[in-house]
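Residue strings, one per chain:
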Amino acid sequence: MPNERPIGFVGAGVMGLPMILRLLEDGRQMIVHDKAVTAFTALDGYGALIVESPQHVADFASIVFTSLPDAQALKEAVLGVNGVVQVIRYRRNNE
């Protein structure tokens with residue numbers, strides 16, 4: 001596991017946070033984004049890398065999970081200006 005790329009997670013709220021914590025407790029490297037900065041206080045001391053956008057999650061993660069409150073939040077996280085799809089498009093065009 002030490003040489004694996006981190007697992008990405010967008011959404012560290014009521015449902016996402018327990019999943020992130022479980023993965024961290026299992027020794028996984030995690031890269032996490034949430035719109036609410038307060039969501040990250042529960043991750044203090046666990047070693048998760050907190051980033052500023054879903055796009056940054058996808059930049060470094062081997063896989064990206066989402067746990068978001070509704071379809072609009074999911075659409076923004078994946079297809080938005082700083083969404084996950086920006087990295088997918090870049091990789092497809094440059095690799």
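Scoring rules and cut-offs
Residues numbered from 1 in each chain as written. Predicted model: local features only at pLDDT ≥ 70, side-chain atom pairs only at ≥ 80, totals over all residues. Heavy atoms only, no water. Helix = DSSP H or I, 4+ residues; strand = E, 2+ residues; numbered from the N terminus. Buried < 20%, exposed > 50% of the residue type's maximum accessible area, 1.4 Å probe, protein only. Areas by Shrake-Rupley, 256 points an atom, 1.4 Å probe, with all protein chains shown as cover. Polar contact = N/O pair within 3.5 Å; in protein donor to acceptor, adjacent residues only side chain to side chain. Contact = heavy atoms within 4.5 Å. Pairing = 2+ DSSP bridges. Right-handed = clockwise from strand over helix to strand, strands pointing away. Patch = residues over 30% accessible without salt bridge, like charges linked within 9 Å, V, L, I, M, F, W, Y side chains within 5 Å. Salt bridge = Lys/Arg side-chain N within 4 Å of Asp/Glu carboxyl O. pLDDT = per-residue confidence, 0-100. Core = buried A, V, L, I, M, F, W, Y, C linked by side-chain atoms within 4.5 Å.

Trainee: Requested: an account of the overall build of the chain, with residues and values cited.
Mentor: The secondary structure content of the chain amounts to four helices and four strands. Helices and strands appear in the chain in the N-to-C order β-α-β-β-α-β-α-α. Within the chain, the fraction of its 95 residues that count as buried is 36%. Just so you have it, the chain exposes about 6200 Å², and 56% of that area is on carbon and sulfur atoms.

Trainee: Please set out the side chain of Ser 53 residue by residue, giving values where relevant.
Mentor: Its place among the elements puts Ser 53 in the loop between β3 (49-50) and α2 (54-60). In this structure the side chain of Ser 53 is engaged in a polar contact, spanning 2.8 Å, whose partner is the side chain of His 56. If we ignore the near neighbours within four places in the chain, the residues touching Ser 53 are His 33 and Asn 82.

Trainee: How would you sum up the pairing of strand β1 (residues 7-10)? Please name residues and give values.
Mentor: Along β1, one buried face is formed by Ile 7 and Phe 9 and the opposite face, lined by Gly 8 and Val 10, is buried too. Looking at chain direction, β1 and strand β2 (residues 30-33) are connected through four bridges and run parallel. Note on β2: the bridge partner recorded for Gly 8 is Ile 31. Read as a crossover between parallel neighbours, the route from β1 over helix α1 (residues 16-25) to β2 is right-handed.

Trainee: Now, about a nonpolar patch on the surface: what can you tell me, with residues and values included?
Mentor: The grouping of Val 14, Met 15 and Met 19 at the surface amounts to a nonpolar patch, some 360 Å² of accessible area in total. Here Met 15 shows up in the loop between β1 and α1.

Trainee: Which residues make up the confidence of the model for the chain, and what values do they have?
Mentor: For the chain, mean pLDDT is 90; residues scoring 70 or higher make up 91% of the total. Of all secondary-structure elements in the chain, the lowest mean pLDDT belongs to helix α4 (residues 84-94), at 75, while β1 reaches the highest, 97.

Trainee: Lay out the nonpolar core in plain terms, naming residues and giving numbers.
Mentor: Ranked by internal contacts, the top residues of the largest apolar core, which has 13 residues, are Ala 12, Ile 20, Leu 24, Met 30, Val 32, Leu 43 and Ala 48. For this core, the leading source of residues is α1, giving four residues. Each residue touching Leu 24, except ones within four places of it in the same chain, is listed here: Met 30, Leu 43, Tyr 46, Gly 47 and Ala 48. The next biggest cluster of nonpolar side chains, apart from the first, holds six residues, and it includes Val 51, Val 57, Ala 61 and Ala 77.

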